[in-house]
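Structural overview for review
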Amino acid sequence: AKLRLAWDLVALLLIAEAATVLPLDLAFQGIGLEAVLLPDIVTTSFWSADIVLGFNTGFVTARGKLVDDRTAIAKRYASTWLAVDILST
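This section reports on the structure supplied with the text. (Residues numbered from 1 in each chain as written. Predicted model: local features only at pLDDT ≥ 70, side-chain atom pairs only at ≥ 80, totals over all residues. Heavy atoms only, no water.)

On to the packing of aromatic side chains, then. Scanning the entire structure with this criterion turns up three aromatic pairs. Taking 4.3 Å as the distance between ring centres and 20 degrees as the angle between the ring planes, the aromatic pair formed by Trp7 and Phe46 counts as stacked. Residue Trp7 is located in helix H1 (residues 2–27), and its partner Phe46 is located in helix H2 (residues 33–54); the two are separated by 39 residues in the primary sequence. Classification of Phe46 as buried rests on a relative accessible area of 10%. An angle of 85 degrees between the planes, with centres 4.9 Å apart, marks the rings of Phe55 and Tyr77 as edge-to-face. Of this pair, Phe55 sits in the loop between H2 and strand S1 (59–60) while Tyr77 sits in helix H3 (residues 70–79), and the two are 22 residues apart along the sequence. Connected via pairs of aromatic rings, a cluster forms that spans Trp7, Phe46 and Trp47. (Phe/Tyr/Trp six-rings, centres within 6.5 Å; stacked < 30°, edge-to-face > 60°. Helix = DSSP H or I, 4+ residues; strand = E, 2+ residues; numbered from the N terminus. Buried < 20%, exposed > 50% of the residue type's maximum accessible area, 1.4 Å probe, protein only.)

Fair warning: the whole summary comes from geometry, so function is off the table for now.
Set out below in structure tokens:
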């Protein structure tokens, strides 16, 4: 649970970074491109790893049952957040 919380906090920081850097990058396109290249690689790598993590993270049903079956996890993830995660990566 602590690892997942840390992962989610990093995700929050990356979202905040993207919300700050993206407008500046668009406004000053071509200026300092090298400065945003490494953060872009790190961010894309993180979100790609997040997709893998999504396929391996169990969930709790409405009745309080922990689901750790990988097929059920994959089906649920594919029908909920997978499309959003792919589009945002």
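This is not the end of the story, as more comes after the structure.
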